[in-house]
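# Structure assessment
If you want the building blocks of each chain, they are given just below.
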There are 2 protein chains.
Amino acid sequence: MKILLKIQYIGTAYCGFQCQKNAVAVQNVLTDAAKRVFGVPCLVTGSSRTDAGVHALGFCATVETGEGAFSIPVERLHRAFSQVLPDDISVIDAALVCDDFHPRYSAKGKNYIYRIWDSPVNNPFERGRSMFYPRRIDGERLALMEKAAAAFVGKQDFSAFMATGSKVTDTVRTVSEAFLYREEGGCLVFSVSADGFLYNMVRIMAGTLIEVASGKIDAQSIKDIISSKNRKKAGVTAPPEGLYLKEVFYDENICWQGL
Amino acid sequence: MKILLKIQYIGTAYCGFQCQKNAVAVQNVLTDAAKRVFGVPCLVTGSSRTDAGVHALGFCATVETGEGAFSIPVERLHRAFSQVLPDDISVIDAALVCDDFHPRYSAKGKNYIYRIWDSPVNNPFERGRSMFYPRRIDGERLALMEKAAAAFVGKQDFSAFMATGSKVTDTVRTVSEAFLYREEGGCLVFSVSADGFLYNMVRIMAGTLIEVASGKIDAQSIKDIISSKNRKKAGVTAPPEGLYLKEVFYDENICWQGL
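Calculation criteria
- Residues numbered from 1 in each chain as written.
- Chains lettered and ligands numbered in written order.
- Predicted model: local features only at pLDDT ≥ 70, side-chain atom pairs only at ≥ 80, totals over all residues.
- Heavy atoms only, no water.
- Contact = heavy atoms within 4.5 Å.
- Salt bridge = Lys/Arg side-chain N within 4 Å of Asp/Glu carboxyl O.
- Polar contact = N/O pair within 3.5 Å; in protein donor to acceptor, adjacent residues only side chain to side chain.
- Helix = DSSP H or I, 4+ residues; strand = E, 2+ residues; numbered from the N terminus.
- Axes fitted to C-alpha atoms, helices over the stretch in contact; angles between N-to-C directions.
- Left-handed = near helix turned anticlockwise from the far one by under 90°.
- Buried < 20%, exposed > 50% of the residue type's maximum accessible area, 1.4 Å probe, protein only.
- Least-squares fit on C-alpha atoms with pLDDT ≥ 70 in both.
- Pairing = 2+ DSSP bridges.

Listed per partner, the contact involves 28 residues of chain A and 28 residues of chain B. The interface formed by chain A and chain B includes 2 salt bridges. Salt-bridge contacts for Arg127(B) lead to Asp87(A); the nearest nitrogen and oxygen are separated by 2.2 Å. On inspection of chain A and its partner chain B, the count reaches 7 residue pairs in polar contact (both at pLDDT 80 or more). Of all the elements in the fold, those that place two or more residues in the side of chain A that touches chain B are strand S1 (2-9), strand S3 (55-65), helix H2 (77-84) and strand S4 (89-97) of chain A. In terms of residue count, S4(A) provides more of the side of chain A that touches chain B than any other element does, 4 residues in total.

Shown next as structure tokens:
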């Protein structure tokens, strides 16, 4: 049986989603939890890797249960997992999927948000959950950032926005949406959707936008930076704590419970 | 010199604002920080006590610096404190006040909010920051809660909403506002303002409202519960993690920096 789980987690305590040597990954914790829930060892596969410290609001992962697994109705899985998962990871929805479904390869795209606490005063409730930028971004500066963000949209070669050392060769991605909005609570949020993302792509985009706000990078130059294919032309990699994987898009009709 | 600080803190790690034996209070941490900021021992006095685990969005406390204190412009104090305070406490504003100003006795009232995560699914980002109620409160149930909340408004004897064992004798308080709203992020929030609060008053109010939502307490009976002056007639004391001291009201014209 193959079950797709939608999960949320606070990434602070983990080395990312994917298992690594000498570090605790969300995948490790989820694999242990699945074994307790289903009573048999399960194979857990994620939709993405996510870096250490990066959070998830709608991460997707499949759980393949072997023979002899407990039969638990899909609509009760979130409760079963809540009994065995730590406080910082939660299953928020679940669906049965076909055997040939793959959380990563079946994904048509993803939406990430990058949260920025832009204020001269620290907010303890935002520590570890957003990037701290010590001045308010509004007016002209915000308009420049919005202009820069819009330049990310389109089918483009994003090698300038990929961490150096990455071995990916096809660096063309289609960004369908890239815009900024302000949360009721106060954070400035950069939202970006694409058919796929290169390593550190959103964090480099966010870092570049911050440098546009602070006047270090010209908002007009984003297209030039993209066409340069030169990582050095883009801004710094913004810290992981501001990044959230918000949604994974699938073509298939996933029968979520909609809890 | 007497300085009024507006502070935010995540209460999870503390026994409350006020110093207690064998426990770390926010007051201890703030007193140590003030000594490092001003270079001399300082007297720190808070506007309220707050329980263990309760949070603050706009707590007020005075710092009295003795002779020989470093002279730091008020508008830079939040930065100076940010260098010496832990991540879960932050000075968000500051103002010079007269010698006869007292953060508690000069206060004309306070506003508290109580946050409820009302959903069948856990939200890791809300753990320790709101009360978890495992079903959505809307429609009829929400209307009943709203009706019950409105009954708190007025000058009334709130002994039924005071923790047993409290030694306060004047139990009449004037509630100026009591209402519910929903945050963009999803929490249902109970907001209550009064000229003063009895021990555990907001948590008992919130617990009572929850019991109204779940049908255990009749929304019509709030006025009767109040006039009964019987703690046993009101609902349970809701957990501390949902409670936030949001604002302290002062009559005086406090010259906040408005950061």
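So much for the structure itself; the text now carries on.
Moving on: the packing of helix H3 (residues 139-150) of chain A against helix H4 (residues 201-213) of chain A. Residue and element names in this part refer to chain A. At a closest axis distance of 8 Å, the pairing of H3 and H4 adopts a crossing angle of 145°. The element H3 and its partner H4 pack so that their crossing is right-handed. Residues Arg141, Leu144, Met145, Ala148 and Ala149 of H3 touch H4, and the partners they reach there are Leu209, Ile210, Val212 and Ala213.

This part is about the side chain of Gln156(A). As for its placement among the helices and strands, Gln156(A) is situated in strand S7 (residues 154-157). Not counting chain neighbours up to four residues away, the residues in contact with Gln156(A) comprise Ala151(A), Thr171(A), Val172(A), Arg173(A), Lys223(A) and Ile226(A).

Close approach of charged atoms allows side chains of opposite charge to pair. Residue and element names in this part refer to chain B. Throughout the structure, instances matching the rule amount to 12 salt bridges over all chains. The salt bridge involving glutamate 126 is made with arginine 115; its shortest N-O contact spans 3.0 Å. Of this pair, glutamate 126 sits in the loop between strand S5 (107-118) and strand S6 (131-133) while arginine 115 sits in strand S5, and the two are 11 residues apart along the sequence. Among the residues examined, glutamate 126 registers a relative accessible area of 14% and is labelled buried. Among the residues examined, arginine 115 registers a relative accessible area of 8% and is labelled buried.

Another aspect to go through is the relation of the copies chain A and chain B. Both copies of the chain are related through a single rotation about an axis accompanied by a shift along the same axis. Between the two copies, chain A and chain B, the superposition gives an RMSD of 0.0 Å; the rotation angle is 180° and the shift along the axis is 0.0 Å. The operation mapping one copy onto its partner corresponds to a two-fold rotation axis. Distance from the rotation axis, computed per C-alpha, reaches its smallest value in chain A at Glu184(A): 3.3 Å. A share of 100% of the interface residues of chain A reappears at the interface of chain B, consistent with the copies meeting face to face through the same patch.

To continue, consider the pairing of strand S2 (residues 42-46) of chain A. Residue and element names in this part refer to chain A. Alternating residues of S2 divide into Cys42, Val44 and Gly46, all buried, and Leu43 and Thr45, none buried. Sheet topology note: the S2/S3 ladder contains 5 bridges and is antiparallel. Across the sheet, threonine 45 pairs through a bridge with threonine 62, a residue of S3.

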